Amino acid sequence: VGSILGASVPLAVLRVTGQNTDHNSIQTVHRQNAKKVYFLSLVSQGAGGWSPQVTDSQSWLQLDLRDRMEVTAIATQGRYGSSDWVSGYLLLFSDTGQAWKQYRQEDGRFVGNVNADSVVHHRLSHSIRSRFLRFAPLDWNPSGWVGLRVEVYGCVYKSDVADFDGRSSLLYRFNQKSMSTVKDVISLRFKSHQAEGVLLHGEGQRGDYITLELHRGRLALYLNLGEFVTPGSGRVAVTLGSLLDDQHWHSVLIERFNKQVNLTVDTHTQHFRTKGEGDSLEVDYELSFGGIPLPGKPGTFLRKNFHGCIENLYYNGINIIDLAKRRKPQIYSVGNVTFSCSEPQLVSTTFLSSSSSFLSLPATQSASAGFAVHFQFRTWNPDGLLLSTQLALEPQRLELQISNSRLRLTHHTSAQQKEEVSTATRVQSVTGCPSLNILGCENPTLAFQGCMRLISINSQPMDLNQVKQGRLGNYKELQFDTCGIHDRCLPNFCEHGGQCSQSWNTFYCDCSGTGYTGATCHNSIYEASCEAYRLTGSSSGFFSVDPDGSGPLGPTQVYCNMTEDKVWTVVTHNSTDPVRVQGSTLQKPYVMKFNYSASPEQLMALVAGSEQCQQEVMYGCRKSRLFNTRDGTPLSWWVDQGGERRTYWGGFLPGVQQCSCSLEENCMDMNYFCNCDADTDSRANDTGVLSYKEHLPVSEIVIGDTNRTGSEALYRIGPLRCYGDKSVWNAASFYQESSYLHFPTLQAELSADISFYFKTSVPSGVFLENLGLKHFIRLELSSPSVVTFSFDVGNGPVVLAVKSHVPLNDRQWHYLRAERSVKEASLHVDQLPLRFLEAPSDRHLRLRLNSQLFVGGTAARQRGFLGCIRTLTINSVTFNLEERAKMTPGVSVGCPGHCSGSSSLCHNRGRCIEKNSGYVCDCSQSAYRGPSCMEEVSVSFDRESSVTYTFQEPFSVMQNRSSKASSDYRESGRARENIAFSFMTTQSPAMLLTVSTFSQQYIAVILAHNGSLQIWYRLHVNRKPDVFSPSPSSLADRRLHRIRIHRQGKDVYLQVREGGCINIWDDMNLKYSLSSDAELISIKSLTLGKVTGVDAVDDEVMRAGSKGFIGCLSSVQFNHMAPLKAVLLNRGSSLVTVQGHLEESNCGTLADLTVLHSQSGIV
């Protein structure tokens, strides 16, 4: 055991000679030596060990160390020479032996022994400073009994303590009028049972201040360095910690250097930058601890002062309490400050179960024959019964419960009549699911789950110690002497700004408005690139892209130009128009900084993930040179993304100080490298395209030669344009079972998302594997139709499997995505239902790996994968398979086959299917048909015509992954809808398309009375719908119009392509914001054309629905569903209902004929 001691030593010896002790055994430990104190020693020879008379979960072993000690490690054994040992236990600590707190490590429990003799050590991640320790067995040898020997390591703990009674404080007065510091270190430990109170305060005349206070059980730090605070604007606090009013010690450390501040409370640290104009904190006269005294009135405080104990209070190395104890003149005491910590006897009890916990107490008769009860409670749950009692006048009954986080008192005067009163505001610190029965053994279905203390009935305090000993009342599923409440939102596992809420047993993340989804808001709802949007079937328009996916960078808006073979991503900045410059010199140059629509970090990620980027630079001049013609000194330059000065003005050769005309050998004067360097009175131009992407985008331009007579420059920096996604087709082929690619250890302790495409012809193989000492993570094709995701974080192996109805070893590309977080694990393959499993609460959280990551095989070189893997992305980092494959035997770069390249063989969501001698396009997910999924599917409607597609079962576009679902399967999706169709009509108003749900939500696309396009979103029944109208122009103009609607959360992107003449299109790209990002819940149907008999539809939509649609509808797509194809290709399907007359048509041909007739004067 020497290796775990460090600076700690064993401090006292306890030998238990009897084999059995009392049920709840309290063992007293005596010191043997004042200099070398032994807490407790393992008994390794001879009889010994603790075993309770009754083996159950109510037994515990308690140690009294006689004084507060600092405990750093513990060790356990089973009972000597027996089959008795403890395999899992809780460790609790207390200063008084009455109010206990659980020591929480990652999973809340300690792993014990597997036999009676081996020793299991645990070094504590943070030490315990306490007098009493309690070991509470949870699991033991099923073939034996509870048996325990323990050893505790640590050292003597010394502290200076001050007790503040709520009316007192200590003032530390400076030697000079004010104290100005650029660096501060303040540390202290405190304990209190009050949720409010000032711990520290200081302020200066220029507006500086520092305040540390308890507020609602959390610690709030207010810090300002000279910023003027307007009256009424309020002070902004940084808050940390929770439930700090629990009568247990909490440590605080404040570290400040200039404006950078670290605030640490217990084991949690928050880094922030304080406000203010200066870097120093200037405090006048004094610092106060324990309250803010009102000047001139000792004992009077501006805010509620601290009630509790503070120890080891240091301000910049000065021991404040030691100075106060020694009555030093720098310390002035206000009120009654004592130097020993008083311990209020506030004993709590915890109601453990939400279904079976109760406490039944006798009600003593009051003098007034009335009924009064007092108690304090704490819970996370929003509902549950607190109190139920039968009154003296039967059948009257009184119930107090939490309902929707509000207190509600119900007086049942008879079996049919009752009176109710509720609190107007929500109960603080209540958000979850509780139960507690006082005075009634009738236990409701939803019981109180939480803590209670200070219970009195009819002015008679209830002694919970007597309840615990069975001498008062009755109870079930209670834990005495401790409040077991735990803040599961600290630390906050909700990512990307998700809001954490909790119940007693778990936490939930609200991802609304974050742009992310999933149980912990880990997954971006946006695609990573324009190339990815093209692969989903989108066309040109504005889109939000998230270049690092689940990484820390948020989404940014770009324009995706998909009109060419290459998909271009366009990022604009604040100055894309030409700018004229005059009067600048090298000493006083003209400087323009460019602010892009994306942050520098987002731009770097976007550029790094692109195959190629470029940016056009236009520099027009008249007597304005780029370089000094004598010595070549740059007179103008631009600055790259890293802040470096660049002096080349075109091409991709950054080391060459030239313009494009020199590279192309067509400068107007070949004696110079740039046209402008000829320095003539006539206008010249040096326009080039910068294409060395590591330098892009241009962040700044500097012009320094426009101060001579007649001298001027005209420049324009175009938008950043990038194409390609390096990750999409980054692939490797594995053709030896023993081969693999290896990468550094996967860094995925708390969360991991893994996605890739694969194709193979073999029945099984491991896709990837990473091992730890005991932990592991693995993805494999376990049989021709089953993909398995398995891992172990210390709670035992977890296996999720998705079974396909068709073989997956069909040589076609299949998509796989696996995710594991502290909240849940999931596995998704192609369009199959998502396999989902919730993580157990209060167990191990961190995945600890130490080997290399093996891709395409295993460390044992067995069960390797044979086939192709591409687009491997882990936690949004794309792995360069091709680079590793170049140097690995048995692995080659890329994948063979027609469908393995970036060229689009199949269009409009069509899927490329490999064949032995070529390929075919699967158009089942497309609204088009034909060999390449490019032939439109069109139908002509009349006034009475309609097509209704009824979903086979209630379908949710985006399943709320943070909901409390019990099913192991969940619908896969994102917070979005994709709608696309073409239409031609002369009718208005008209109903084009409507989507309705079972919950009375709807989306409607209509033509208003004037023929203008309107999009209606009604996502909440009790709110007004969001209505968007892109243009007042009429679209009922007998021309073909193409509509695309793409929703991501609150963002709606609309593209309207209007036909001006044959093959000439004008695009309208707009973005709107919805009032809510709610998903469509349980979609019922989609209807094209006439709609009747629909409830909860607004009047204007109803009028358009009753008018129907006369004209041609083409290529209608809603997500992966194409209703017109279902009508024409699946006649007789029970999912499709047709009303009126429909006729297959060709909208594009009709539109071309209409335009030709119009141009010929026929129409």
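Nothing here was measured: the structure is a model prediction, and the numbers come from that model.

With that out of the way, let us pick up the overall build of the protein chain. When helices and strands are tallied, the protein chain shows nine helices and 84 strands. Looking at the protein chain as a whole, 54% of its 1163 residues are labelled buried. When contacts within the protein chain are restricted to residue pairs at least 6 apart in sequence, those whose partners lie at least 24 apart make up 70%.

If you trace the backbone, Thr858 turns up in the loop between strand S64 (853-855) and strand S65 (867-874). Residue classification places Thr858 among the buried residues on the basis of a relative accessible area of 4%. Along the backbone, Thr858 and Phe767 are 91 residues apart, and their C-alpha atoms lie at a distance of 8.6 Å. Within the local environment of Thr858, its side chain forms a polar contact with the backbone oxygen of Gln862, the two atoms lying 2.9 Å apart.

Here we come to helix H4 (residues 600-609). Because the α-helix completes a turn every 3.6 residues, residues three or four places apart line up on one side. If you check which residues of H4 are buried, you get Gln602, Leu603, Leu606 and Val607. Down the axis of H4, the sector holding all buried residues measures 130°, keeping them to one side. Lining the buried residues of H4 we find strand S42 (541-545), strand S43 (556-561), strand S44 (568-571), strand S47 (612-622) and strand S53 (720-723).

In this section: the state of the cysteines. As enumerated under the stated definition, the model contains 13 disulfides in all. Disulfide partner of Cys489: Cys500, at an S-S distance of 2.0 Å. Residues Cys489 and Cys500 are joined by a disulfide whose S-S torsion is about -80°; by sign, that bridge is left-handed. Separated by eleven residues along the polypeptide, Cys489 in the loop between strand S37 (478-480) and strand S38 (499-502) and Cys500 in strand S38 bring together distant segments of the chain. Relative accessible area serves as the criterion here: at 22%, Cys500 is assigned to the partly exposed category. Disulfide pairing places Cys530 opposite Cys560 at an S-S distance of 2.0 Å. Here the disulfide of Cys530 and Cys560 is left-handed, its torsion about the S-S bond being about -75°. Of the two residues, Cys530 is situated in helix H3 (residues 530-535) and Cys560 in strand S43; the sequence distance between them amounts to 30 residues. The class of Cys560 is buried, set by a relative accessible area of 0%.

Locating Val111 in the fold gives a position in strand S6 (residues 110-111). Between the alpha carbons of Val111 and Leu138 there is a distance of 9.9 Å; along the sequence they are 27 residues apart. Setting aside anything within four residues of it in sequence, one finds Val111 in contact with Ser87, Tyr89, Val120, His122 and His844.

Residue position: Ser733 is located in strand S54 (residues 731-734). Taking relative accessible area as the criterion, Ser733 reaches 8% and is therefore assigned buried. There is a polar contact of 2.6 Å between the side chain of Ser733 and the backbone oxygen of Gly894. Leave out the neighbours within four places in its chain, and Ser733 touches Gly867, Cys868, Gly890, Val891, Ser892, Gly894, Cys895 and Pro896.

Taken as a whole and assessed by the stated rule, the structure comprises 34 aromatic pairs. Where Tyr89 meets Phe110, the ring centres are 5.4 Å apart and the plane angle is 10°; that geometry is what we call stacked. Of this pair, Tyr89 sits in strand S4 (residues 86-94) while Phe110 sits in strand S6, placing them 21 residues apart in sequence. Residue classification places Tyr89 among the buried positions, given a relative accessible area of 2%. On the accessibility criterion, Phe110 (1% relative accessible area) is buried. Ring plane angle 45° and centroid distance 5.8 Å describe the contact between Tyr89 and Phe135, whose orientation is recorded as tilted. With Tyr89 in strand S4 and Phe135 in strand S7 (residues 120-140), this residue pair connects regions lying 46 residues apart in the sequence. Look at Phe135 and you get buried, because its relative accessible area is 0%. Aromatic rings pair up to connect Phe734, Phe756, Phe758, Phe767 and Phe865 into one cluster.

Turning our attention to the sheet that holds strand S58 (residues 776-783). Read across the sheet, six strands follow the order S55-S64-S57-S58-S59-S60 without closing on themselves; strand pairing throughout is antiparallel. Pairing within the sheet leaves two strands with one partner each, and these edge strands are strand S55 (741-743) and strand S60 (798-803). Sheet twist, expressed as the mean angle between neighbouring strand axes with direction ignored, is 15°. Direction of pairing for strand S59 (residues 786-792) relative to S60: antiparallel, over a ladder of six bridges. Bridge pairing in S60 links Phe789 to Leu800.

Bringing the sheet that holds strand S48 (residues 636-639) into the picture now. The sheet built from four strands is open, its strands ordered S46-S51-S48-S49 with antiparallel pairing. Strands with a single pairing partner mark the edges of an open sheet, and in this sheet they are strand S46 (590-593) and strand S49 (645-646).

The next subject is unusual backbone geometry. Going from Leu490 to Pro491, the amide bond is cis rather than trans, its omega being 0°. Along the chain, Pro491 turns up in the loop between S37 and S38. Note the cis peptide between Ser988 and Pro989, where omega equals -5°. Inspection of the secondary structure assignment puts Pro989 in the loop between strand S73 (976-985) and strand S74 (990-997).

Let us look at the confidence of the model for the protein chain. Any region with low pLDDT has predicted coordinates that should not be read closely. Confidence in the prediction for the protein chain averages 83 pLDDT; 86% of positions are at 70 or higher. Segment residues 428-444: pLDDT under 50, and 98 contacts once partners within four positions in sequence are set aside and those in other chains are kept. For residues 1060-1065, every residue scores under 50 in pLDDT, and the model assigns this stretch twelve contacts once sequence neighbours within four places are set aside.

Among the residues of helix H7 (residues 1099-1107), Val1101, Ala1104 and Gly1105 are the ones counted as buried. Angularly, the buried residues of H7 cover 100° about the axis, an arc narrow enough to put them on a single face. Turned more than 90 degrees away from the buried face of H7, the exposed residues are Asp1099 and Arg1103. Buried residues in H7 make contact with S74, strand S75 (1002-1007) and strand S76 (1013-1018). In the segment just after H7, Gly1108 is the residue with positive phi, at about 70°.

Right, let's talk about the pattern of salt bridges for a bit. A complete count under the given rule lists 40 salt bridges for this structure. We note a salt bridge from Glu286 to Arg173, for which the minimum N-O separation is 3.0 Å. With Glu286 in strand S20 (residues 281-289) and Arg173 in strand S10 (residues 169-181), the pair connects residues that are 113 residues apart, well separated along the chain. Measuring nitrogen to oxygen at the nearest pair gives 2.6 Å for the salt bridge that ties Arg683 to Glu712. Taken together, the positions of Arg683 in the loop between helix H5 (660-663) and strand S50 (684-690) and Glu712 in strand S52 (residues 712-717) put the pair 29 residues apart, joining distant regions of the chain. Taking the relative accessible area as the measure of exposure, Arg683 reaches 57% and is therefore exposed. A network of salt bridges, in which partner residues are shared, links Arg68, Asp95, Arg189, Lys191 and Glu311.

If you trace the backbone, Trp813 turns up in the loop between S60 and strand S61 (814-821). The class for Trp813 is buried, based on a relative accessible area of 10%. Here the alpha-carbon distance between Trp813 and Ser900, two residues 87 residues apart in the chain, equals 8.7 Å. Excluding anything up to four places from it in sequence, Trp813 contacts Tyr757, Phe758, Lys759, Cys868, Arg870, Cys895, Cys899, Ser900 and Arg911.

With that settled, consider the pairing of strand S16 (residues 250-257). Only one face of S16 is covered, namely the one carrying His250, Val252, Ile254 and Arg256; the face carrying Ser251, Leu253, Glu255 and Phe257 has none of its residues buried. As judged from the eight bridges shared by strand S11 (residues 183-192) and S16, these two strands associate in the antiparallel manner. Within the sheet, the bridge partner assigned to Val185 lies in S16 and is Glu255. Here six bridges tie S16 to strand S17 (residues 260-265), and the two strands are oriented antiparallel to one another. What sits directly across from Leu253, in S17, is Thr264. In textbook terms, the turn of a hairpin is the stretch between consecutive antiparallel strands, and for S16 and S17 this stretch comprises two residues, one of which, Asn258, has a positive phi near 55°.

The rules behind these values
- Residues numbered from 1 in each chain as written.
- Predicted model: local features only at pLDDT ≥ 70, side-chain atom pairs only at ≥ 80, totals over all residues.
- Heavy atoms only, no water.
- Helix = DSSP H or I, 4+ residues; strand = E, 2+ residues; numbered from the N terminus.
- Buried < 20%, exposed > 50% of the residue type's maximum accessible area, 1.4 Å probe, protein only.
- Contact = heavy atoms within 4.5 Å.
- Polar contact = N/O pair within 3.5 Å; in protein donor to acceptor, adjacent residues only side chain to side chain.
- Arc of directions from axis to C-beta.
- Disulfide = S-S within 2.5 Å.
- Phe/Tyr/Trp six-rings, centres within 6.5 Å; stacked < 30°, edge-to-face > 60°.
- Pairing = 2+ DSSP bridges.
- Axes fitted to C-alpha atoms, helices over the stretch in contact; angles between N-to-C directions.
- pLDDT = per-residue confidence, 0-100.
- Salt bridge = Lys/Arg side-chain N within 4 Å of Asp/Glu carboxyl O.

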